[in-house]
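Coordinate analysis (summary)
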Amino acid sequence: MAKFSSIVIVFFCICFIDLFSVEVAAAGRNLRHDDEARTLHDHYHHVKVSSLSPRESCMISPKGQKQDATLEVVHSYGPCSKRNPDETSNPTHSEILERDEARVKYIHSRVNLPTVQKVAASAVTLPAKSGTSIGSGNYLVSIGLGTPARQLNLVFDTGSDFTWTQCQPCVGTCYSQADAIFNPSASSTYTNISCSSAACASIATATSVPPGCSSSTCVYGIQYGDSSFSVGFYGTETLTLTPGNVFPNFKFGCGENNQGFRGSDGLLGLGRNQVSAFSQVSTKYGRYFSYCLPTRSGSGGSLTFGNSGSASSATVYTPLLSSSQNPTFYFLSLQGITVGGIKLSISPSVFSTAGTIIDSGTVITRLPPAAYSALKTTFKQLMSSYPTTSAVSILDTCYDFSSYTTISVPVITLLFSNGAQVRLGIPGILYGPISQSCLAFAGNSDSSSVGILGNTQQQTFNVIYDVAGGRLGFGAGSCS
């Protein structure tokens, strides 16, 4: 009997152990499944293909109206935009990218191998609208100029210093614009600047062209990479950002001969030069501004001068750098990239050789050739289940999602110095229509050309330029 009991106990133990092993194995499989699901969730965007198409109707978001100084922002090619009288259709993606390439070549011509170093209030917020200028798709702000104030839509550009608008009379040519051309004779506060003044002499560093003189009045000239240009008188006027934020004696160019700027009334320079709009208003707001660029069909974008205290606790910061050779531009240190959770094998020297700038006017981010090659290769491997299609201008990694309802796209994260990680959303990863949706990055032609963080990758982030504090911030989800 004792022997029989022992056999029963042994049999029971074996069965229990086998059952326990099965349960442990099942639990292990469940854990692996959970880990895989978590990995897919953390490292991939799962999106409806229909969301890649811009909306056809205008939907105004109340997000941009929460502060007194925040105005509505729309994309120049979106359903809420105001079209120029002579424009019957938006430019194609190929046309936008070709102009973007012209701008990048212009920037590269201005930037040599940079030696960068660290850069050692109240607030006002302006509207930002996305449009076309200086050869690419850019963003506009609405400001008031003159007395009484005339509303003008100007491209705001962190890669330019000089502010100007078209003015009457048009002595040469003036391009078509949606708003009436500014007439300085109708303003009680416009004054010409003398060509013998220090203010006149100082614009050469902002325009790269020595000023001229006509009837003792300062004459400026500035030309951009795609042969766009503006020539006119340099003067002072009352600048109205919002009704409670008015600046007398604001220096700007009154252009009487202008060419090539579609979709705007001129340009608002936000570079570092002393003549830029940023520098002129910093006497009140301090050396601090921020913006949020909306997507083509999005809303809620803004440009804010001064520290409004709106930065979220999730904002990440990286050192803001400068170059003595290229003082206009805002440099930052890009150090790496991850795709779908995989850190690309790229030597830090690949990024540091020429450096990287952030630019509100460039559409597509430009990477060093070796970095772009690594990004493209890994992205294509992780997207191998989707059909590819032909390239679009500078974008060579494109997909046709026409037959899909949902897609999974690997997350791209940009790694900056000081541990700042910027996780891009779908608008910063894919560019173009459903049938030809492309990886929204391009490679430079050589390793000595400066890298550029373009506005496509900046969309929906609150981008903070704390120039006084020597840092640049990124806060996700600040506009749509």
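So, a few notes on the structure that sits alongside this text.

About the criteria used
Residues numbered from 1 in each chain as written. Predicted model: local features only at pLDDT ≥ 70, side-chain atom pairs only at ≥ 80, totals over all residues. Heavy atoms only, no water. Phe/Tyr/Trp six-rings, centres within 6.5 Å; stacked < 30°, edge-to-face > 60°. Helix = DSSP H or I, 4+ residues; strand = E, 2+ residues; numbered from the N terminus. Buried < 20%, exposed > 50% of the residue type's maximum accessible area, 1.4 Å probe, protein only. Lys NZ or Arg CZ within 6 Å of the ring centre and 35° of its normal. Disulfide = S-S within 2.5 Å.

One pass over the structure, following the stated rule, counts 23 aromatic pairs. Consider the rings of Trp-164 and Phe-261, whose centres lie 4.9 Å apart with planes at 80 degrees: the pair is edge-to-face. Of the two residues, Trp-164 sits in strand E7 (residues 164-166) while Phe-261 sits in the loop between strand E12 (245-259) and strand E13 (266-269), which places them 97 residues apart along the sequence. Comparing Trp-164 with Phe-261, the two get one shared label, buried. Each ring, one from Tyr-386 and one from Phe-401, has its centre 5.5 Å from the other, and the planes form 85 degrees; the classification is edge-to-face. One end of the pair, Tyr-386, is in the loop between helix H7 (369-382) and strand E23 (388-389); the other, Phe-401, is in the loop between strand E24 (398-399) and strand E25 (406-410), and 15 residues separate them in sequence. By way of ring pairs, the aromatic residues Phe-156, Phe-247, Phe-278, Tyr-285, Phe-289, Tyr-291, Phe-305, Tyr-330 and Tyr-465 are connected into one cluster. Between Arg-471 and the ring centre of Tyr-317, over which it is positioned, the NZ or CZ distance is 3.7 Å.

Residue position: Ser-417 is located in the loop between strand E26 (412-416) and strand E27 (421-423). Overall, Ser-417 belongs to the buried group, its relative accessible area being 10%.

What follows is about the state of the cysteines. For the structure on display, the rule yields six disulfides. One disulfide bridge connects Cys-195 with Cys-213, the sulfur atoms lying 2.0 Å from each other. Taken together, the residues span a long stretch of sequence, with Cys-195 in the loop between strand E8 (191-192) and helix H3 (198-202) and Cys-213 in strand E9 (residues 212-214) at a distance of 18 residues.

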